[in-house]
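# Descriptive analysis of the structure
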Number of protein chains: 4
Amino acid sequence: MSNLQFEQQYQGRALDRASIGSRYRDVRAQSERLCAPLETEDYCVQTATFASPPKWHLAHTAWFFETLLLKPYLEGYREYRPLFATLFNSYYDTIGTYHPRPERGMLSRPTVKEVYEYRAYIDEHMARLLDDIGHPDHADIVMRTILGMNHEQQHQELFLTDLKYAFAYNPLKPAYAELPQPDPTTAASLKWLSFEGGVVSIGHQGEAFCYDNETPRHKTYLEGFRLASRPVTNSEFIEFIEDGGYRNPDFWLSDAWKIVCREGWRTPLYWQREDGGWNYMTLAGMRPLDPGAPVCHVSYFEAAAYARWANKRLPTEAEWEWASKGAPVKGNFVDDGYLQPVAGPQSEGLQQMFGDVWEWTQSPYVPYPGYHQAHGPLGEYNGKRFCSAASLANRMAS
Amino acid sequence: MSNLQFEQQYQGRALDRASIGSRYRDVRAQSERLCAPLETEDYCVQTATFASPPKWHLAHTAWFFETLLLKPYLEGYREYRPLFATLFNSYYDTIGTYHPRPERGMLSRPTVKEVYEYRAYIDEHMARLLDDIGHPDHADIVMRTILGMNHEQQHQELFLTDLKYAFAYNPLKPAYAELPQPDPTTAASLKWLSFEGGVVSIGHQGEAFCYDNETPRHKTYLEGFRLASRPVTNSEFIEFIEDGGYRNPDFWLSDAWKIVCREGWRTPLYWQREDGGWNYMTLAGMRPLDPGAPVCHVSYFEAAAYARWANKRLPTEAEWEWASKGAPVKGNFVDDGYLQPVAGPQSEGLQQMFGDVWEWTQSPYVPYPGYHQAHGPLGEYNGKRFCSAASLANRMAS
Amino acid sequence: MSNLQFEQQYQGRALDRASIGSRYRDVRAQSERLCAPLETEDYCVQTATFASPPKWHLAHTAWFFETLLLKPYLEGYREYRPLFATLFNSYYDTIGTYHPRPERGMLSRPTVKEVYEYRAYIDEHMARLLDDIGHPDHADIVMRTILGMNHEQQHQELFLTDLKYAFAYNPLKPAYAELPQPDPTTAASLKWLSFEGGVVSIGHQGEAFCYDNETPRHKTYLEGFRLASRPVTNSEFIEFIEDGGYRNPDFWLSDAWKIVCREGWRTPLYWQREDGGWNYMTLAGMRPLDPGAPVCHVSYFEAAAYARWANKRLPTEAEWEWASKGAPVKGNFVDDGYLQPVAGPQSEGLQQMFGDVWEWTQSPYVPYPGYHQAHGPLGEYNGKRFCSAASLANRMAS
Amino acid sequence: MSNLQFEQQYQGRALDRASIGSRYRDVRAQSERLCAPLETEDYCVQTATFASPPKWHLAHTAWFFETLLLKPYLEGYREYRPLFATLFNSYYDTIGTYHPRPERGMLSRPTVKEVYEYRAYIDEHMARLLDDIGHPDHADIVMRTILGMNHEQQHQELFLTDLKYAFAYNPLKPAYAELPQPDPTTAASLKWLSFEGGVVSIGHQGEAFCYDNETPRHKTYLEGFRLASRPVTNSEFIEFIEDGGYRNPDFWLSDAWKIVCREGWRTPLYWQREDGGWNYMTLAGMRPLDPGAPVCHVSYFEAAAYARWANKRLPTEAEWEWASKGAPVKGNFVDDGYLQPVAGPQSEGLQQMFGDVWEWTQSPYVPYPGYHQAHGPLGEYNGKRFCSAASLANRMAS
């Protein structure tokens, strides 16, 4: 799943500033619409230190608007409840202390109802702030509101993945919703598409919203390369498993092999072999594995091992970004209602560059040349995370 | 708080077997009455590995009746839901596997409503089983039902202490209920009561219910000793703190001192010094410390350090039990509605031996001479825990 | 192995105070004689947090005399090297800070040679102090010196067990020394000896040295009991293993079963099944298991599980101590040179109460009634450890 | 310190193959010469999981020749001692199992003497193998021997840094050797040197030895940049400290700040503030900090925080490598005997690119475009580590 699923509505053109208020309401309503199928209990649960309870996502995204917009810009604004500043700060050291992340699921209060009241209070004041088009800081307010909406969409995506994790953890394997089930599919045959090298420009271009870590646009040099026409599929990944992929250290990075051995990895997360066939957890509960769909929820370590096993390599981020140039931003997004990757079309050219799955690249998560990290909380948003983690793509290159 | 708070109704006489059905309903209803003030969210939260969510307590106590009574004795009984056998088994290895204790708070399903439905199903079938007084195993059924009711009362007590822990953890310090607040009290002056030594008999006597770890009645030898007329109070414990009690290794056991240093202990759990005074967490939220009430929620290590500081010692379990002989089983129990220890009466003789607080002794938790541990789950109930933990009492002896 | 192996020379009569100097030299020389077979490298190694390097034992025992005798009593004494006060303090909080126990093997300096020089310096000054029989504190000096010698003998025993642990850890399985190897033995047949109950007195009696935790002599009540005539043997323990003893939770305490599962226990420490037979690590390297010798290096958990499997129980400490009354203090001690338990004699009555093996009892390590813990370091020696650990004995009772 | 310190002798020209035997002896003798000042005890000590005992370095480097040369290529070669294959394998999964890295210091055997005997045995057989210039695999043998020599030089460097760590850990702060102490120095004033951008080629060029991770030579694009004329000095780093650098989260990466808080970082490793001045640990023991010398033993996190504080950034690896082109490979190397960075010369142009210190860059440790990882142990040497760690450089760029 990709946050592109959510951001598409603002892609390709600058936001019409007059309509910011209604956009704001749309995004906020989407968060609550996604929560509609939940039981109250589901709002509270945290099953991993890297995941957060739905209730926390709802409150944190409200806190974001309160902290970065209402407090500095809305005259006479009265903080909703002082302790929320700590409870719903995620990781902003320059703002203040925050509740420990692994313990977000240990708070029964505020209740779900109280969190919705908090959101309503924020929304009411945000409406007042956005309506004030004569505000001396109106441009900044709009810019920060757009950031806040994108931030909330990121949390909508986190909400869905965290929820899947929580439901997969539960032996009862609950379903989030009745979802359409595609018939078992066959993927398009994999083709290798060639790209010429040379000095190319990558990074954000145009007036649409982007995060600071997508800037600045800059030049880089690429050798000619080939890129797979579509992501690796579930049925291809089964071949890797059946060829002993999880048992041969030669395919794995050193740090990876330690984890494979220590935790007994034998399949991707969520997969279960039953009666000779394969099932996996979806947001509609356990279902038969779809052979033609892109493999999903594999770690960087698994993606890299697969590529080495296949005598290929993962693309670099620059290759992926360059190749994606001009590809239309369309695909299987959240609005399509599958909430699961599906097999792509049998067409020519690069497929499924958008929608369906995040893709691992071999490139670490580091700043683009010339990146400038602001001081204060806006700089913390992305800048302080520029360390260690790999970027995303499990499409192969060679 | 003591499970004596709950057991009193069955103390002093054998249970009238004909009335077992109505007793069963009373105990079960008490669990649900105690939960009445909760929000749905409160049912789900687990803030320590040693604590359990209220929802889990409700389901586990139902599981106990299902597993030890309905499955073996009720003909044609159909298990409510197979996975519950694992989810709500606490620690019975001879019955089967169980969900990891530290992860009881990670299950949003079954919902609270579903747990109440589970309880209703069990109650309906238990009623049928208890009504069948011609059942060939009726005596066993009554015996196990009495155990199950006492088991449920233990969990009622755990429910209240776990809930206090969860609410104290929450920075919002929610209140479980509006509780009567006693005026600040002064405890009766402490007197030292003398007891003659000799060979005495301790252990359960009579026909009323007891746990197997209270058997058998046996002889033991006691030197003459003196016992404090009442437990140590909060104001006495403040003297220990103000005399540097938490900073002097000479008072502490070796294992204790490591924890004091590593975790920075400076006061009992739940205490906060504010503006020169002391407050502590109660089930009614933060309140001023009551100087005359018995000190509560101190660990064995703190009780032992206090006694060494005071040039006294904790009593042995045998001394405490012998001294309690004949003391009337009355005091501040759950039904009194304080849900908090209060100062005892200004009377002669031993006070507050029942109600108010569990008391630490210096005796480890080991079997009485002649104790027999049954095989199977009933033996696991207590027998396999006979290791390492100290018994309870923070009254001093000398 | 037992520290009785070393203490026997002082048992049964008060130490002749005039000869304290020569006794001191004997004990000190014994420590160094035991180290004679070591390579320099062996002096430095620590393979568990609960073990210490031989070099550390040698230095710590010197530190004990320096700290408790030379510094307070020898006029003009000049501390050997100030940092040693921290490096070789084991756990005396009332004296000062100490180097972390798990990191005793991380110090290459002082070298072994320097530690021997330290010991020589201490010995030279101790000789001077002990010779001064007119010293106003001579009685205290003798008392503390006797404690120091017994302390050093305890460390001689720790030295041998720590060394066995270190050599067993090493895949090369080095031998400490060429030791006599007894032929495979058959133990005497096990008989059950009866003891009458009643009020008995236990605890140290007489003028010989004892530790403070063996005091005071006091009365206790015992029911009549039977005690096995000899410890459990290796061949008897094999029956437990072959009957699935390590796989059945019903035999194990709750805390034990968690460890059995987590660490995959299947045999006692040091045992290896090879080619159908059993070998174990000894101080002479790997050797065939002697079927008739007492089983050794089993934990309390294993001893308790064995007893439950055998439908017996471990004796209490009071039973063991009472039964041992009058038994002659003779057996297989360190001077016999086996450094390993051997089968006992085929005689009547209780056998092997001394020598060969420490024996688990079911009694926790708690103070005798009336025990007084001194303040300061002498009180820390034993008093602060009175918590949690079980006492010793793997002889069965019933 | 840099492995360039050791490799210089082979830089700039292809190794004369006829003289490989004498080069081999030189490198091997250097390892033993570096160990000459050690006590036997120093050979055994491991003070961190990332460090190894000197004895292990000596044995592992012998194992490398035995495993990659003698076993596959020397006819009739008899393995020195089978268990060494496990004990001295560092991390080669495709070769076999290996002793756990954090427990390398827990092996007292083989002794130091035995390790030297092992080395002599390997050397004797290596001499025989290298002399056989008619061997059908002679070219491979020479290639692998050159790799083995460079490998051993890497371990010589690790030996010195591990030893410093071990001696700094020891409260006695032992000195490895009497080393020349430079007078307090003043660094040359810092200048910013400009480099033009464009498509440049980096990666190894020429016939001299290089590691596979320095290949292949490839093109990359650089914007114009400026590079500091010399590394950051100790006195500059003091400014950062005194300006609150370690207390302001705004300067630190997210992962860094967690460590700074958890471990209480306040200075670089080895620094101590005493009496208003600064000292640090050197291989000659504690010494006054040299203000003009490059700051050393700072982590990537500290280097990055410093750069952000200074409103600069760390260079990328490509910038550093491109700037270093043509700089003569000279500087303060191990043969100069300081074993410590010193202030550079007061000359024009880039200084101290070689010798003195490893330098942090902002670039993660990832393969060059086109890198090919061999299968088997030679591929494991570097290829499987291409994950997560940052490259080296604490020179600033802007």
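Nothing here was measured: the structure is a model prediction, and the numbers come from that model. Numbers given to residues run from 1 along each chain, matching the order in which its sequence is written. Whichever chain is written first is A, and whichever ligand is written first is 1; the rest continue in order. Thresholds applied to this predicted model are a pLDDT of at least 70 for local features of residues and 80 or more for the giving and counting of side-chain atom pairs; totals over whole chains, interfaces and linings are not thresholded and use all residues. Side-chain calculation: all heavy atoms of the structure are included, whereas hydrogens and water are not.

## Description of the relation of the copies chain B and chain A
The two chain copies are related to each other by a rotation about an axis together with a translation along it. Stated precisely, the cut-off is as follows: Superposition of the copies used a least-squares fit over C-alpha atoms from residues whose pLDDT is at least 70 in both. Whether two residues are in contact is decided by their heavy atoms: any pair within 4.5 Å suffices.
The transform that puts chain B on chain A rotates by 180 degrees and translates by 0.0 Å along the axis, for an RMSD of 0.0 Å. A rotation of that kind, with that shift, is consistent with a two-fold axis. Scanning chain B for the C-alpha nearest the rotation axis identifies Glu41(B), at a separation of 3.1 Å. When you check the interface residues of chain B against chain A, 100% turn up at the interface there too, and the contact is symmetric in its surfaces.

## A short note on the interface of chain A and chain D
To be explicit about the condition: The quantity reported as buried area is the accessible area (1.4 Å probe) lost by two parts once they are put together, taken as the sum for both. Salt bridges are defined by distance alone: a side-chain nitrogen of Lys or Arg within 4 Å of a carboxyl oxygen of Asp or Glu. Side-chain atoms alone can form a polar contact between residues adjacent in sequence; in general such a contact is a pair of N or O atoms within 3.5 Å, and within protein one must be able to donate a hydrogen while the other accepts it. Strands are runs of DSSP state E lasting at least 2 residues, helices are runs of H or I lasting at least 4, and numbering of each runs from the N terminus. Each residue gets one label: Ala, Val, Leu, Ile, Met, Phe, Trp, Tyr, Cys and Pro are nonpolar, Asp, Glu, Lys and Arg are charged, and the others, such as Gly, are polar.
Contact residues are listed per partner, giving 31 residues for chain A and 30 residues for chain D. Between chain A and chain D the total buried area reaches about 2600 Å² when both faces are included, carbon and sulfur atoms providing 56% of it. By the criterion of area lost to chain D, the three top residues of chain A are Tyr221(A), Arg308(A) and His375(A), representing 20% of everything that side buries. Joining chain A to chain D, the criterion identifies 0 salt bridges. Viewed at the interface, chain D and chain A are joined by 12 residue pairs in polar contact (both at pLDDT 80 or more). Breaking the side of chain A that touches chain D down by element, the ones donating at least two residues are strand E3 (218-222), helix H8 (254-263) and helix H9 (300-309) of chain A. Looking at the side of chain A that touches chain D residue by residue, the classes come out as 13 nonpolar, 10 polar and 8 charged.

## Topic: the environment of Ser201(B)
Residues and elements named next belong to chain B. The following threshold applies: For every residue, the accessible area obtained with a 1.4 Å probe (protein chains only) is divided by the maximum for its type, and the residue is called buried under 20%, exposed over 50%, and partly exposed between those limits.
Following the sequence through the fold, Ser 201 ends up in strand E2 (residues 198-202). Assessed through its relative accessible area of 27%, Ser 201 is described here as partly exposed. Once the C-alpha coordinates of Ser 201 and Glu 41 are considered, the two residues, 160 residues apart in sequence, prove to be 49 Å apart. With residues near it in sequence (within four places) discarded, Ser 201 still touches Arg 217, His 218, Lys 219 and Trp 322.

## Describing the sheet that holds strand E7 (residues 285-288) of chain C
Residues and elements named next belong to chain C. What counts here: In this scheme, strands are said to pair when DSSP sees at least two bridges between them. An axis is simply a line fitted to the C-alpha atoms; with a helix, the fit covers only the stretch in contact. Between two such axes, the angle follows the N-to-C directions and lies from 0 to 180 degrees.
Taken in spatial order, the 3 strands make up an open sheet running E5-E6-E7, and their pairing is antiparallel. Lying at the two open borders of the sheet, with one neighbouring strand each, are strand E5 (271-274) and E7. Going across the sheet, the axis of each strand differs from the next one's by a mean of 35 degrees, ignoring polarity.

## A closer look at the confidence of the model for chain A
Residue and element names in this part refer to chain A. Put simply, the rule is: A score between 0 and 100, pLDDT records how confident the predictor is in each residue.
With 93% of its residues at a pLDDT of 70 or more, chain A has an overall mean of 91. Note that residues 1-14 has pLDDT below 50 and, in this model, 45 contacts with residues that lie over four places away or in other chains. Counting contacts from residues 389-394, a segment whose pLDDT is below 50, to residues more than four positions away or on other chains yields 31 contacts. Interface confidence in the predicted complex, given as ipTM, is 0.92; pTM for the same model is 0.92.

## Section: the arrangement of the chains
The smallest C-alpha distance separating chain A from chain C is 13 Å, and no contact links them. One finds no contact linking chain B with chain D; the least C-alpha distance across the pair is 13 Å.

## Observations concerning the interface of chain B and chain A
Listed by partner, the interface residues are 30 residues for chain B and 30 residues for chain A. Carbon and sulfur atoms supply 63% of the area that chain B and chain A bury against each other, a total of about 2600 Å² over both sides. The largest per-residue losses of area from chain B upon contact with chain A belong to Glu41(B), Arg109(B) and Leu172(B), which jointly make up 28% of the total buried on that side. Inspection of the chain B/chain A interface yields 2 salt bridges.

## Overview of the pairing of E3(A)
All names here are of chain A. Burial analysis of E3 places 4 of its 5 residues in the buried class, which makes it a mostly covered element. Summarising the sheet, strand E2 (residues 198-202) and E3 pair through 5 bridges and their orientation is antiparallel. Its bridge partner lying in E3, Val 200 is registered against Thr 220.

## Structural notes on the packing of aromatic side chains
What counts, and what does not: Classification of ring pairs uses Phe, Tyr and Trp, with its six-membered ring standing for Trp, and accepts pairs whose centres are within 6.5 Å; under 30 degrees between planes counts as stacked, over 60 as edge-to-face, and the remaining range as tilted. Geometrically, a lysine NZ or arginine CZ counts as sitting over a ring once it is within 6 Å of the ring centre and also within 35 degrees of the ring normal.
With the rule as written, the count across this model stands at 140 aromatic pairs over all chains. Here Phe237(B) and Tyr306(B) contribute two aromatic rings whose centre-to-centre distance is 5.6 Å and whose plane-to-plane angle is 15 degrees, an arrangement assigned as stacked. On the criterion of sequence distance, the pair formed by Phe237(B) in helix H7 (residues 234-242) and Tyr306(B) in helix H9 (residues 300-309) is long-range, its members being 69 residues apart. A relative accessible area of 2% means that Phe237(B) is categorised as buried. On the basis of relative accessible area, Tyr306(B) is assigned to the buried category, the value being 7%. Each ring, one from Phe240(B) and one from Tyr246(B), has its centre 5.7 Å from the other, and the planes form 55 degrees; the classification is tilted. Taken together, the aromatic side chains of Phe237(A), Phe240(A), Tyr246(A), Phe251(A), Trp252(A), Trp271(A), Trp278(A), Tyr306(A) and Trp309(A) make up a single cluster linked through ring pairs. Residue placement shows Lys312(B) over the ring face of Trp192(B); its charged tip is 4.6 Å from the ring centre. Over the aromatic face of Trp56(D) sits the side chain of Arg104(D), whose NZ or CZ is 3.6 Å from the ring centroid.

## Structural notes on the environment of Asn234(A)
Mapping Asn234(A) onto the fold places it in helix H7 (residues 234-242). In this structure Asn234(A) touches Trp271(A), Tyr280(A), Leu289(A), Asp290(A), Pro291(A), Ala293(A), Pro294(A), Val295(A) and Cys296(A), once residues within four positions along its chain are discounted.

## Topic: H7(A)
Given 3.6 residues to a turn, an α-helix orients residues that are three or four positions apart in the same direction. Every buried residue of H7(A) is listed here: Asn234(A), Glu236(A), Phe237(A), Ile238(A), Phe240(A) and Ile241(A). The inward-facing, buried residues of H7(A) contact strand E5 (271-274), strand E6 (277-282) and H9 of chain A.

## As for the sheet that holds strand E6 (residues 277-282) of chain D
Residue and element names in this part refer to chain D. Judged by pairing direction, the sheet is antiparallel, and its 3 strands sit side by side in the order E5-E6-E7 without closing on themselves. The open sheet has two edge strands, strand E5 (271-274) and strand E7 (285-288), and neither has a second partner. Adjacent strand axes in the sheet meet at a mean angle of 35 degrees, parallel and antiparallel pairs treated alike. In this sheet, E6 lies alongside E5 in antiparallel orientation, the contact comprising 4 bridges.

## Overview of the nonpolar core
Residue and element names in this part refer to chain D. Note the threshold: What is meant by a nonpolar core is a set of buried Ala, Val, Leu, Ile, Met, Phe, Trp, Tyr and Cys residues, joined one to another through side-chain atoms within 4.5 Å.
Ranked by size, the top nonpolar core spans 57 residues in total, and within it Ile 122, Met 126 and Tyr 176 carry the most contacts. Listed by contribution, the elements that provide at least two residues to this core are helix H2 (20-35), helix H3 (54-73), helix H4 (84-87), helix H5 (112-131) and helix H6 (138-169). Residue contacts for Tyr 176: discarding those within four places in its chain leaves Leu 34, Pro 37, Leu 38, Phe 159, Leu 160, Leu 163, Phe 167, Leu 283 and Leu 339.

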